[in-house]
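Results of the structural survey
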Amino acid sequence: MNILIATTNNGKLNEFKKIFNFNKNIKLFTLSDLSINDDVEETGKTFEENAAIKADFYYRKSGIPTISEDSGLEIFKLGGEPGIYSARYGGEGLNDLERTELILEKMKDFQTPYRGAQFISVICGVGFKKEKIFSKGLLKGYILDKKQGLNGFGYDPIFCLNNENLSLACKSIDEKNQISHRRKSIDKFLKILIKDRIV
Ligand code: IMP
């Protein structure tokens, strides 16, 4: 089965490709494979709404079953921020590194037990069956007090799993893919495709 992974984020795309690679019934296409350069505004109020907006948009452009993901980091003491605004937190002008620094600054007065956070991944699939398919994965941990590691992307250098003391950016992509929020949402999504005999 051909599936479009509709994301412009290379960090996510690399993880998607590796996680899907073991399923030989699925051939993945990227937006650049299909020469789709259009962008869509994420105007939703939830991860689910944004994932659906992106999946609908790129399914209309491509005509092949399309998976889109909306993901982000929620920090409990910041009222769930950056949440759905994770990719543009602090303004469009900031890069990933500057966004991690902004979080470290906002968290500087919170001590260890009060630094809890979670990553969320919500996948929406359009074009697989009549209705949309949704799946969700969570990864719970806490915010470190400084950046660590060079792997991964986004907020990985400041996020640490509970009961560990090295950031996600210290893990290899394969190690991260075994436990990540994205791995969990993709596994659930694939289970739905298999249960409904779509793949
Ligand atoms: P979007 O889903 O494209 O709107 O963006 C999700 C944003 O959440 C990314 O740009 C990252 O800032 C953050 N994010 C999502 N998943 C991860 C992850 O696995 N590691 C680090 N940051 C992530």
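Please refer to the structure higher up on the page.
What you see is a predicted model; the values in this text were computed from it and never measured.

Close approach of charged atoms lets side chains of opposite charge pair. Under the definition given, this model contains 19 salt bridges. Lys-129 is the partner of Glu-131 in a salt bridge, and the nearest nitrogen-oxygen pair spans 3.9 Å. Lys-176 is the partner of Asp-156 in a salt bridge, and the nearest nitrogen-oxygen pair spans 2.8 Å. In this pair, Asp-156 sits in the loop between strand S5 (133–143) and strand S6 (159–161) while Lys-176 sits in helix H4 (residues 173–179), placing the two residues 20 residues apart along the sequence. Because the salt bridges share partners, they merge into one network encompassing Lys-12, Glu-15, Glu-69, Asp-156, Lys-176 and Arg-182.

Around the ligand lies a shell of 18 residues, among which Lys-12, Ser-71, Asp-156, Lys-176 and Arg-182 are the nearest. Between the ligand and the protein, one listed contact pairs an oxygen atom with a backbone N or O atom of Ser-71 at 2.9 Å. Within the side chain of His-181, a nitrogen or oxygen atom sits 3.1 Å from an oxygen atom of the ligand. Here the ligand has 490 Å² of accessible area as a free molecule, and 94% of this is covered by the chains. The dominant element in the shell around the ligand, judged by the number of residues it contributes, is strand S3 (residues 66–75), at four residues. Of the residues that constitute the shell around the ligand, the class distribution is four nonpolar, six polar and eight charged.

Judged by nonpolar contacts, the single largest core of 16 residues is most densely connected at Leu-73, Ile-75, Ile-103, Phe-119, Ile-143, Tyr-155 and Phe-159. Among the secondary structure elements, those contributing two or more residues to this core are S3, helix H3 (96–106), strand S4 (116–126), S5 and S6. Sequence-distant contacts of Tyr-155, that is, excluding residues within four places in its chain, are made with Leu-73, Pro-82, Ser-86, Tyr-89, Arg-99, Thr-100, Ile-103 and Phe-119. Core analysis: the second largest hydrophobic core is formed by 15 residues, Leu-13, Phe-16, Ile-67 and Leu-193 among them.

Tallied over the entire structure, the rule returns four aromatic pairs. On the basis of an interplanar angle of 90° and a centroid distance of 4.9 Å, the ring pair of Phe-57 and Tyr-58 is categorised as edge-to-face. Taking relative accessible area as the criterion, Phe-57 reaches 17% and is therefore assigned buried. For Tyr-58, a relative accessible area of 3% corresponds to the buried category. The interplanar angle of 50° and the centroid separation of 4.5 Å between the aromatic rings of Phe-119 and Phe-159 together place this pair among those described as tilted. In this pair, Phe-119 sits in strand S4 while Phe-159 sits in strand S6, placing the two residues 40 residues apart along the sequence.

A word on the environment of Asn-162. Inspection of the secondary structure puts Asn-162 in the loop between S6 and H4. Note: C-alpha distance between Asn-162 and Tyr-142 (20 residues apart in sequence) is 6.5 Å. With residues up to four places along the chain from it excluded, the contact list for Asn-162 reads Lys-140, Gly-141 and Tyr-142.

Within the open sheet, the six strands sit side by side as S2-S1-S3-S4-S5-S6. Their pairing is mixed. Each end of this open sheet is capped by a strand with a single partner; those strands are strand S2 (27–30) and S6. Going from strand to strand, the sheet's axes swing by 40° on average, the running direction of each strand aside. Where strand S1 (residues 2–5) and S3 come together, two bridges link them in parallel fashion. Counterpart to Leu-4 in the pairing with S3 is Thr-66.

Here we come to the pairing of S4. The element S4 is largely enclosed, with a buried count of 11 among its 11 residues. Here S4 shows no split at all, with Gly-116, Gln-118, Ile-120, Val-122, Cys-124 and Val-126 on one side and Ala-117, Phe-119, Ser-121, Ile-123 and Gly-125 on the other all buried. The sheet contact formed by S3 and S4 spans 10 bridges and is antiparallel. Bridge pairing links Ser-68 to Cys-124 in S4. Sheet topology note: the S4/S5 ladder contains 10 bridges and is antiparallel. Within S5, the position partnered with Ala-117 by the bridge is Gly-141. Between S4 and S5, which pair antiparallel in sequence order, lie six residues; one of them, Gly-127, sits at a positive phi of approximately 100°.

Rules behind the numbers
Residues numbered from 1 in each chain as written. Predicted model: local features only at pLDDT ≥ 70, side-chain atom pairs only at ≥ 80, totals over all residues. Heavy atoms only, no water. Salt bridge = Lys/Arg side-chain N within 4 Å of Asp/Glu carboxyl O. Helix = DSSP H or I, 4+ residues; strand = E, 2+ residues; numbered from the N terminus. Near = heavy atom within 4 Å. Polar contact = N/O pair within 3.5 Å; in protein donor to acceptor, adjacent residues only side chain to side chain. Areas by Shrake-Rupley, 256 points an atom, 1.4 Å probe, with all protein chains shown as cover. Nonpolar A, V, L, I, M, F, W, Y, C, P; charged D, E, K, R; others polar. Core = buried A, V, L, I, M, F, W, Y, C linked by side-chain atoms within 4.5 Å. Buried < 20%, exposed > 50% of the residue type's maximum accessible area, 1.4 Å probe, protein only. Contact = heavy atoms within 4.5 Å. Phe/Tyr/Trp six-rings, centres within 6.5 Å; stacked < 30°, edge-to-face > 60°. Pairing = 2+ DSSP bridges. Axes fitted to C-alpha atoms, helices over the stretch in contact; angles between N-to-C directions.

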